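For reference, the chains in residue letters:
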Amino acid sequence: MLYIIGLGLYDENDISIKGMKTLKECDRIFAEFYTAKLKDQSLSTIKEKTGKDIQIIGRKEIEEEMKPLKYAKREDVALLVPGDPLAATTHSTLILEAQRKNIKTRIIHSSSIFSAAPGLAGLQIYKFGKTTTIPFPEENYFPHSPYLTIKNNLKYDAHTLILLDIKAEENKYMNANQGLKYLLKVEEERKENIISLDSLAVVLARVGSSNPLIRADRIKKLIVEDFGGPLHCLIIPSKLHFLEAEYLIEIGRAPPEILEGRI
């Protein structure tokens, strides 16, 4: 049996009781941190409570070698995943391959940025459109797809959740400032008046922690602020319901004029 178990949003204490019970029954435990980062990636508390070792494996060992499946044919194997297990298509591929090999699978869900971020920002989840990710730019690689996703969502009055790139093997985690600069750079190249220094944006940091950051303002103000350590994400809102606007003003310190639709 292969169990894919969500670790939740911030640290190892977010794992569910069901997840902990399952780990105690497993013969072998793997964990990955290339899809997201936890505060303490040593998983020391889980090791202590289960009395078992946890082997951290990388993208290649999961996506190419399918390492957990090499043992799951004859053992009960767990793969620990930050957030919710099936939010990353990597793990869907693992399930498909397990099915082809007649290996049983079970998913144990946990909290996800896809539901937590909209709620924390006080925005109505059913008003969100397609989610996008801003990548670290490289030579000959500067995709405009995040900008185009925002453009298309705004066409339907939909908010946009923007995830920021992670290169765990290099200990690189894109911050909100870098993400906003990326969008402004695309605007500079495309000149379609989708994003400007006066656009409203929401920055969320360390979602799932005991003291997450929620900040909403014009991009020209956000881009120079320090939002602290990772992980960060962004939201570009569309038209706001008055309750959404009030929440962003009171909780995110957004400018009061958003209630009048002037931002």
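Here, every reference points to the structure presented above.
The following refers to the structure shown. (Residues numbered from 1 in each chain as written. Predicted model: local features only at pLDDT ≥ 70, side-chain atom pairs only at ≥ 80, totals over all residues. Heavy atoms only, no water.)

1. Notes on the environment of M66
Right, so step 1: Summarising the element assignment, M66 is placed in the loop between α3 (59-64) and α4 (67-72).
Right, so step 2: In this structure M66 comes out as buried when scored by relative accessible area, which is 13%.
Right, so step 3: Dropping the residues within four chain positions of it, M66 is found in contact with E61, T93, L94 and E97. (Helix = DSSP H or I, 4+ residues; strand = E, 2+ residues; numbered from the N terminus. Buried < 20%, exposed > 50% of the residue type's maximum accessible area, 1.4 Å probe, protein only. Contact = heavy atoms within 4.5 Å.)

2. Quick word on the packing of helix α7 (residues 145-155) against helix α8 (residues 176-190)
Right, so step 1: With their axes 9 Å apart at the nearest point, α7 and α8 run at an angle of 80° to one another. The angle between α7 and α8 places the two elements in the roughly perpendicular class. On α8, the residues touching P146, Y147, L148 and I150 of α7 are Y182, L183, V186, E187 and R190.
Right, so step 2: Tallied by class, the residues present in the contact of α7 with α8 amount to 7 nonpolar, no polar and 2 charged. (Axes fitted to C-alpha atoms, helices over the stretch in contact; angles between N-to-C directions. Parallel < 35°, antiparallel > 145°, perpendicular 65-115°, else oblique. Nonpolar A, V, L, I, M, F, W, Y, C, P; charged D, E, K, R; others polar.)

3. Quick notes on α7
Right, so step 1: Among the residues making up α7, those that are buried are P146, Y147, T149, I150 and N153. Angular distribution of buried residues about the axis of α7 spans 160°; they occupy a single face of the element.
Right, so step 2: Check the buried side of α7 and you find it contacts β6 (132-134), β7 (160-164), α8 and β12 (232-236).
Right, so step 3: Immediately downstream of α7, the backbone of D157 shows phi near 55°, a positive value. (Arc of directions from axis to C-beta.)

4. So, the environment of F136
Right, so step 1: If you trace the backbone, F136 turns up in the loop between β6 and α7.
Right, so step 2: For the pair formed by F136 and I166, sequence separation is 30 residues and the distance between their alpha carbons is 8.2 Å.
Right, so step 3: In contact with F136, other than residues within four places in its own chain, are Y141, D165, I166, K167, K172, Y173, M174 and Q178.

5. Some remarks on unusual backbone geometry
Right, so step 1: Cis rather than trans, the peptide bond between P230 and L231 has omega equal to 0°.
Right, so step 2: Secondary-structure assignment places L231 in the loop between α9 (219-222) and β12.
Right, so step 3: Despite not being glycine, K191 has its phi angle at roughly 55°, a positive value.
Right, so step 4: Within the fold, K191 resides in the loop between α8 and β10 (200-205).
Right, so step 5: With relative accessibility at 62%, the residue K191 sits in the exposed group.
Right, so step 6: Even without being glycine, R253 reaches a positive phi, approximately 60°.

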